[in-house]
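One letter stands for each residue in the lines below.
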Amino acid sequence: MSSRRLLAPLVFLLAPATLAAQAPAADSAGFVVLKGADTVAVERFQRSDVSWLGSLVLRRERPVAENWSAVTAPDGTIPLVEVTISEKPDDPRMKARILQRARVIVRGDSVAVDAMTNGGLVTKVYPTTEGAMPYLNLSFGMLELAVRKAVKGGAAGDVPVPLFNLGGMQTATATLRRDGAGHAALVLGDVTFDLALDADGRIREARIATQDLTARRVN
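The rules we used
Residues numbered from 1 in each chain as written. Predicted model: local features only at pLDDT ≥ 70, side-chain atom pairs only at ≥ 80, totals over all residues. Heavy atoms only, no water. Phe/Tyr/Trp six-rings, centres within 6.5 Å; stacked < 30°, edge-to-face > 60°. Helix = DSSP H or I, 4+ residues; strand = E, 2+ residues; numbered from the N terminus. Buried < 20%, exposed > 50% of the residue type's maximum accessible area, 1.4 Å probe, protein only. Salt bridge = Lys/Arg side-chain N within 4 Å of Asp/Glu carboxyl O. Core = buried A, V, L, I, M, F, W, Y, C linked by side-chain atoms within 4.5 Å. Contact = heavy atoms within 4.5 Å. Expected span 1.5 Å × (residues − 1).

Caption draft 1: Focus on the packing of aromatic side chains. A complete count under the given rule lists 5 aromatic pairs for this structure. Between Tyr 126 and Phe 164 the ring centres are 6.3 Å apart and the planes differ by 50 degrees, which places this aromatic pair in the tilted class. Of this pair, Tyr 126 sits in strand 8 (residues 120-127) while Phe 164 sits in strand 10 (residues 159-165), and the two are 38 residues apart along the sequence. Each member of the pair, Tyr 126 together with Phe 164, is buried. Measuring from centroid to centroid gives 6.3 Å for Phe 140 and Phe 193, while their planes differ by 70 degrees, and the two rings are edge-to-face. One end of the pair, Phe 140, is in helix 1 (residues 140-152); the other, Phe 193, is in strand 13 (residues 191-197), with 53 residues separating them in the sequence. This pair shows no difference in class: Phe 140 is buried, exactly as Phe 193 is.

Caption draft 2: Highlighting the pattern of salt bridges. Within this structure, the stated rule accounts for 6 salt bridges. A salt bridge links Arg 217 to Glu 144; its shortest N-O distance comes to 2.5 Å. A residue pair is termed long-range when its members are at least 10 positions apart, and Arg 217 in strand 15 (residues 213-218) and Glu 144 in helix 1 qualify at 73 residues. Of the residues examined, Glu 144 reaches a relative accessible area of 1% and is grouped as buried. Where Glu 205 meets Arg 216, a salt bridge forms, and the shortest distance between an N and an O atom there is 3.5 Å. Taken as a pair, Glu 205 in strand 14 (residues 203-208) and Arg 216 in strand 15 lie far apart in primary sequence, 11 residues in all. With relative accessibility at 29%, the residue Glu 205 sits in the partly exposed group. Arg 216 sits in the partly exposed class, given a relative accessible area of 41%.

Caption draft 3: The nonpolar core, seen in detail. Leu 138, Phe 140, Leu 143, Leu 163, Leu 176 and Leu 195 are the most contacted members of the largest nonpolar core, which has 56 residues in total. In terms of residue count, the dominant contributor to this core is helix 1 (8 residues). The residues touching Phe 140, leaving out its near neighbours within four places in the chain, are Phe 31, Val 33, Glu 43, Phe 193, Ile 203, Ala 206 and Ala 215.

Caption draft 4: Molecular detail of helix 1. For helix 1, spanning 13 residues, the distance from its first C-alpha to its last is 18 Å, which sits close to the expected 18 Å at 1.5 Å a residue. Extensive coverage of helix 1 is indicated by the burial of 11 of its 13 residues. Within the sequence span of helix 1, burial applies to Phe 140, Gly 141, Met 142, Leu 143, Glu 144, Leu 145, Ala 146, Val 147, Arg 148, Ala 150 and Val 151.

Dropping the structure here:
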């Protein structure tokens with residue numbers, strides 16, 4: 001991998017041209033991510049058949065767009081993710097500058113990452129937990145895929161949710177705790193996501209109190 005990592009590691013700080021051109025989506029929504037009263041990220045995502053497309057724009061001095069696509073298997077796992085990170089230019093007439101492209105293939109207990117760097121294509125293989133779901137920093141659309149898979153499992157009590165962090169290229173297992181009334185807590189180390197969920201496990205709102213972060217669903 002290049003010295004520029006795919007993502008910053010946890011804290012859990014797109015708009016591809018093809019996103020709007022797809023066939024009518026079975027599921028389409030987005031999130032506005034706030035730190036206090038300030039918007040730090042905006043995400044849109046949609047599903048068509050088994051494919052998901054997402055666009056996460058980080059609000060910085062020079063905005064960064066993280067465009068992702070994911071393929072879901074019948075069991076809800078994600079065997080393939082592609083991520084393109086680009087920096088938006090000051091001049092809207094100019095094309096965005098691509099910082100990195102990567103393809104992530106999850107197979108059993110390993111993850112193969114093909115990253116296009118200044119030195120060419122670099123492939124690395126990392127260990128993981130079988131069934132781990134890829135996670136993109138501050139992408140609540142991608143996090144929702146992991147939560148929905150856990151909810152549809154139907155298990156009572158604490159449910160393990162293994163996540164492969166695309167920033168640190170490491171796997172950490174979170175624990176999903178539901179109260180049965182549309183609320184849940186996803187606990188990952190010393191970070192707790194307080195989640196408001198609908199009946200299908202979609203995230204309506206997520207809060208990380210210790211970081212003063214709130215993600216609100218928008219249609």
